[in-house]
Amino acid sequence: NNPPWPAYRGYHTYSFANATMGHRLPTILGKAIEDVVCTLNQESREDRIVDLVKCIERMDALKQDLQVHATLRPILDDGEADVALWNKEIAKYFRGKDFFNAPWLFAEAYKYRRLRECFSTSLFWGDYDVFFRQKCDTFSRSNDAVFELSTRFVEPFEHEVRLTAEERLEKERLMFIELLQICLWGNSTDLSLLINMTEEQIKALQSTGGDALATTEKNILGNHMHRLWEIVKELKGEPQARIDFVLDNAGFELYCDCVFADFLLQSGLAKEIRFHGKRYPWFVSDVTKKDWNWLMNTMVYGHLFPKATEEEKECLRRLGRRWKRYEEEGKWIYEQHPFWCTGYTFWDLHNEAPDLFLHLSKSNLVIFKGDLNHRKLTYDCHAPYSTSFEDSIGPMASAGGAPKVCSLRTIKSDVVVGLSSGVGERLDEEEPGWKISGKYAVVLVSEGNPG
Ligand code: F6P
Ligand code: MG
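Note that this is a predicted model, so its numbers are computed, not measured.

Scoring rules and cut-offs
- Residues numbered from 1 in each chain as written.
- Chains lettered and ligands numbered in written order.
- Predicted model: local features only at pLDDT ≥ 70, side-chain atom pairs only at ≥ 80, totals over all residues.
- Heavy atoms only, no water.
- Helix = DSSP H or I, 4+ residues; strand = E, 2+ residues; numbered from the N terminus.
- Polar contact = N/O pair within 3.5 Å; in protein donor to acceptor, adjacent residues only side chain to side chain.
- Near = heavy atom within 4 Å.
- Areas by Shrake-Rupley, 256 points an atom, 1.4 Å probe, with all protein chains shown as cover.
- Donors = N, O, S within 2.8 Å, 3.2 Å for Na, K, Ca; no water.
- Buried < 20%, exposed > 50% of the residue type's maximum accessible area, 1.4 Å probe, protein only.
- Pairing = 2+ DSSP bridges.
- Axes fitted to C-alpha atoms, helices over the stretch in contact; angles between N-to-C directions.
- Contact = heavy atoms within 4.5 Å.
- Phe/Tyr/Trp six-rings, centres within 6.5 Å; stacked < 30°, edge-to-face > 60°.

*Asks:* Whenever I open this one, the side chain of R24 confuses me. Can you help?
*Replies:* The residue R24 is located in helix α1 (residues 16-41) in this model. Separated by 2.8 Å, the side chains of R24 and T20 make a polar contact.

*Asks:* Sorry, what's going on with the site of ligand 1 here?
*Replies:* The full set close to ligand 1 counts 17 residues, and E108, D371, L372, R375 and K412 are the nearest of them. Within the side chain of N187, one N or O atom sits 3.0 Å away from an oxygen atom of ligand 1. At 2.9 Å from an oxygen atom of ligand 1 is found a side-chain nitrogen or oxygen belonging to N249. Protein coverage of the free-state accessible area of ligand 1, which is 390 Å², stands at 99%. Of all the elements in the fold, those that place two or more residues in the shell around ligand 1 are α1, α4 (104-120) and α16 (370-377).

*Asks:* Mind showing me how you'd approach the coordination of the magnesium ion (ligand 2) here?
*Replies:* Metal coordination angles in their ideal form are 109.5 degrees for the four-donor tetrahedron and 90 or 180 degrees for the six-donor octahedron. Taken together, D248 (OD), N249 (OD1) and D286 (OD) make up the protein donors of the magnesium ion (ligand 2), found 2.1 to 2.2 Å from the metal. One chain supplies every donor for the magnesium ion (ligand 2), spaced along it as D-N-x36-D. Given the relative accessible area of 5%, D248 is considered buried.

*Asks:* Any chance you could explain the sheet that holds strand β3 (residues 272-276) here in plain terms?
*Replies:* Strand pairing in a sheet relies on backbone hydrogen bonds. The paired strands run either parallel or antiparallel. Here seven strands make up an open sheet; going across it, the order is β1-β7-β6-β5-β2-β3-β4 and the pairing mixed. Unpaired on one side and paired on the other, β1 (220-223) and β4 (332-335) mark the two borders of the sheet. Taken over all neighbouring pairs, the strand axes of this sheet differ in orientation by 15 degrees on average, direction set aside. Where β1 lies against strand β7 (residues 441-446), three bridges are found, and the strand directions are parallel. When the sheet's bridge partners are listed, N223 is paired in β7 with V443. Where helix α7 (residues 165-185) meets the sheet, it contacts β1, β2 (242-246), β5 (365-369), β6 (405-410) and β7, and its direction lies at approximately 55 degrees from that of β6.

*Asks:* What exactly am I supposed to notice about the side chain of D257 here?
*Replies:* Along the polypeptide, D257 turns up in helix α11 (residues 252-266). Relative accessible area serves as the criterion here: at 0%, D257 is assigned to the buried category. With sequence-adjacent residues up to four places away left out, D257 is seen in contact with C183, F245, L247 and K369.

*Asks:* What's the story with the packing of aromatic side chains in this structure? I'm lost.
*Replies:* Each aromatic ring pair is summarised here by two numbers: the centre-to-centre distance and the angle between the ring planes. Applying the stated criterion across every chain yields a total of 42 aromatic pairs. Centre to centre, the rings of Y112 and W282 are 6.2 Å apart; their planes meet at 55 degrees, and the pair counts as tilted. Placement of Y112 in helix α4 and of W282 in the loop between β3 and α12 (289-301) is noted, with a sequence separation of 170 residues between them. Judged by centre distance (5.0 Å) and plane angle (50 degrees), the rings of Y326 and W332 are tilted.

*Asks:* Help me understand the environment of N18, please; the structure alone is not making it clear to me.
*Replies:* Here N18 lies in helix α1. Relative accessible area serves as the criterion here: at 22%, N18 is assigned to the partly exposed category. Measuring from C-alpha to C-alpha, the distance between N18 and D380 comes to 14 Å, with 362 residues separating the pair along the chain. Not counting residues within four places of it along the chain, the set of residues in contact with N18 comprises G10, Y11, H12, T13, H23 and F100.

This is the structure:
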């Protein structure tokens, strides 16, 4: 059940694994500790203070473990729904391994699970999210792109009566392709890479206008966008048409995902959208239920954008109210299966989370967002650039019941597949660092196996 290529590991100095395990993760942990200290300084109850100090001590110990390449120990039974899955994987595959010689994907996920444990074993701070402040802050600094989209998409999508059926379909196709790209590039503002980003940098990454999209389309190196449209077009009018999003980051990316999902519903291309988020803070910026609620509520009631005009704020409120209504009506459903916060790749999804696999197999299309989901789909291994997407995702393409899958990912780490021959090799020569810049992307589709 494994691919024939080796997985990246922390000691591979040629890979982003090395910089991540050696520098990025300790930096992320250091910033997380600063966040908890900030909370501590604002707390007045002694029992809560004492308890939080213990959380900080556990974080310090974790940082130390990371820096000395400690052996990975089992996860404590803290009542999370994923403890058994974690400890089974450690016992079966990674007993005696450490942060640097275990596969990068596993070791990195394990670090976030251990971070969770620092709080889940506390008395008062079980729900604490060390990344929440950062996530909110980055969204509040995304105002230009937020209002550009809200003012444009607040009016429900409707066709002019004079249009023929063919013209309507063409209009929908154009909108689909545009919003798909907005949803894709929304993934480039990822907090784990862009710590301390300036407002200008955020703006440059989030430009959503037509020209910006035309120039970035050539950066989509493996591009199945048009095939994806053919798939989605067939769903029109289907009474049960369901599309799933396996979410990545909170804030601006989630907002873009919702703009896209809103269009899919309004245009009748889908009748139901299921969003899959994380049960606890994960890879810095990933969406939790709290982030989801925060976004909807800040849109409707928030005071995040003091410089916005009254008209802009009203557009955002209307959009937020519409999205909340979808949730109430059961057209948008937020889910959080424990499997998403484990170290397993999706090559193991059908075996380790058969209930989830069965659930996804009932969807007409499962869209995986972002870099981490892409790493998990492809086993995060050293596959040749020209490997087909379907071969690289193994059982997620071939197992009986595998749904149609699409990966929308800006490239931020080593594994890259689905390219025409020579493309990756040329970039290796001409543009070192092209695999971690977030400048390039892939939109790759697998047709699934109805079984
Ligand atoms: O830390 C490495 C990593 O997993 C990279 O793959 C990527 O830089 C980031 O973390 C997560 O990116 P995303 O939010 O797009 O999954
Ligand atoms: Mg993420």
